[in-house]
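Fold and contact review
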Amino acid sequence: MRIDSHTHIWTLGAPPFPHNDEMSTARPEYPGLVEDLIRFMDLNNIDRTVLIQCMYHGYDNSYMCDCLRRFPDRLHGVALIDPKQPNAAEKLESLYREQGVQGMRLYPIRDQDASWLASDEQNALWETARKLKVPFTWFGRCHQIPLLEPMLQRFPEVNVIVDHLGEPVLSEGLDGDFRILLEAAKYTNLFVKATRIDGISEQPWPHDDVFPYVKAVHEAFGAARMLGCTGFPEDPQRGEAVGFRLIEEEIDFLAVEDKEWILGKTADLLYGLNAD
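The model shown is predicted, which means the values in this text are computed figures rather than measured ones.

1. Concerning the pattern of salt bridges
All told, the structure shown has 18 salt bridges when counted by the stated rule. Two residues, R2 and E248, come together in a salt bridge whose shortest N-O distance is 2.6 Å. With R2 in the segment before β1 (3-7) and E248 in helix α9 (residues 242-250), this pair connects stretches of sequence that are 246 residues apart.

2. Details of unusual backbone geometry
Cis geometry marks the peptide bond from W205 to P206; its omega dihedral reads 10 degrees. The topology assignment puts P206 in the loop between α7 (197-200) and α8 (211-221). Following F232, the chain continues to P233 via a peptide bond in cis, the omega torsion being -10 degrees. With respect to the secondary-structure elements, P233 resides in the loop between β8 (226-227) and α9. Its identity is not glycine, yet K133 carries a phi of approximately 60 degrees, on the positive side. Structurally, the position occupied by K133 is in the loop between α4 (123-132) and β5 (136-138). Its relative accessible area of 58% is what places K133 among the exposed residues. Backbone geometry places R196, a non-glycine residue, at a positive phi of 55 degrees. Among the secondary structure elements, R196 is positioned in the loop between β7 (190-193) and α7.

3. Observations regarding the packing of aromatic side chains
Inspection of every chain in the model, using the stated rule, returns 8 aromatic pairs. Measuring from centroid to centroid gives 5.0 Å for F40 and F232, while their planes differ by 50 degrees, and the two rings are tilted. Here F232 lies in the loop between β8 and α9 and F40 lies in helix α1 (residues 34-43), a separation of 192 residues in the sequence. Accessibility classification places F40 together with F232 in one group, the buried group. Ring centres of Y107 and F139 lie 5.1 Å apart, and the angle between their planes is 80 degrees; this geometry places the pair in the edge-to-face category.

4. Notes on the sheet that holds strand β2 (residues 48-52)
A sheet is described by the order of its strands in space; here 3 strands give the open sequence β1-β2-β3, paired in parallel fashion. Strands at the two margins of the open sheet, each flanked by one partner only, are β1 and β3 (75-78). Across the sheet, the axes of successive neighbouring strands diverge by a mean angle of 20 degrees, strand direction being ignored. Here 3 bridges tie β1 to β2, and the two strands are oriented parallel to one another. Residue pairing for β2: T7 is matched across the bridge by L51.

5. Here's the deal with α9
It helps to recall that an α-helix has 3.6 residues per turn; residues three or four apart then point in one direction. Turning to α9, its buried residues number three or more, namely V242, F244, L246 and I247. On the buried face of α9, the contacting elements are β1, α7, α8 and α10 (256-271).

6. Concerning the state of the cysteines
In total, this model carries 0 disulfides according to the counting rule given. C65 supplies the cysteine sulfur nearest to C67, a cysteine that is in no disulfide, at a spacing of 9.1 Å.

7. Structural notes on the side chain of H164
Relative to the helices and strands, H164 is located in the loop between β6 (160-162) and α6 (178-183). At 2.7 Å, the side chain of H164 forms a polar contact with the side chain of T195. In contact with H164, not counting residues within four places along its chain, are H6, R105, F139, K193, T195, R196 and I200.

8. With respect to the pairing of β2
With 5 of its 5 residues buried, β2 lies for the most part within the structure. Burial of the side chains of β2 extends over both faces: R48, V50 and I52 are buried on one face and T49 and L51 on the other. Viewed along the sheet, the connection from β1 through α1 into β2 turns out right-handed. Of the strand pairs in this sheet, β2 and β3 are connected by 4 bridges, and their pairing is parallel. Bridging across to β3, I52 finds its partner in V78. On the question of chirality, the crossover connecting β2 to the parallel β3 by way of helix α2 (residues 62-70) is right-handed.

Rules used in this analysis
Residues numbered from 1 in each chain as written. Predicted model: local features only at pLDDT ≥ 70, side-chain atom pairs only at ≥ 80, totals over all residues. Heavy atoms only, no water. Salt bridge = Lys/Arg side-chain N within 4 Å of Asp/Glu carboxyl O. Helix = DSSP H or I, 4+ residues; strand = E, 2+ residues; numbered from the N terminus. Buried < 20%, exposed > 50% of the residue type's maximum accessible area, 1.4 Å probe, protein only. Phe/Tyr/Trp six-rings, centres within 6.5 Å; stacked < 30°, edge-to-face > 60°. Pairing = 2+ DSSP bridges. Axes fitted to C-alpha atoms, helices over the stretch in contact; angles between N-to-C directions. Contact = heavy atoms within 4.5 Å. Disulfide = S-S within 2.5 Å. Polar contact = N/O pair within 3.5 Å; in protein donor to acceptor, adjacent residues only side chain to side chain. Right-handed = clockwise from strand over helix to strand, strands pointing away.

So this is what it looks like as structure tokens:
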């Protein structure tokens, strides 16, 4: 079972799936269409993919939901919902029940003050995630993790997946803010994506300056709490699952069974067709 845990798709903004400025004013230079994704998955023997709602479409999850409808056996969906809005919990439940969405992405990386993460106003959203048995993905920096910890304690049944190794600052080394992520491994409902390695790295392929961070997460969390991604889409689209290739071929401290967890089994546990 090979599952890509983190892929964005988007249109070029024409109706019926326009872009908006809710999350970003940037606009793409090329499309990341679901048809290309499915071809890419077939080419690289990817069984299923977790779609993470793309910033170009903001809180309008309609394109992602349309793709879930079209390819229900191949795709899972993680929505963007404004967590600060009082109806966030209702929106999550509606997207889950009506569109098959299986979670949402929290986005504290945009905030200088992310204290809202653990405010009492967030309890209804987390209680809904607990009831629906869907995880959150968490796009933040390592130094923001203490703001997440009260919710990990308050809702131990809700799984949370930290995106992209917590966006470590390589110049700080393993004992910088990255240590906060490693210490948070004590929360058994916290998972980590070993993803966007090429973007974090300051070196060319195989980006081995990031390997110590992957190894430290593996030692702290274990492979059964780690996830990977293929790297789709890329420009130009070569069709190669570079993220999977890096885990499979370049990182020698991972056992075969570890790689099976990172490249599919953990995602299947969290998003599997029978997860709930």
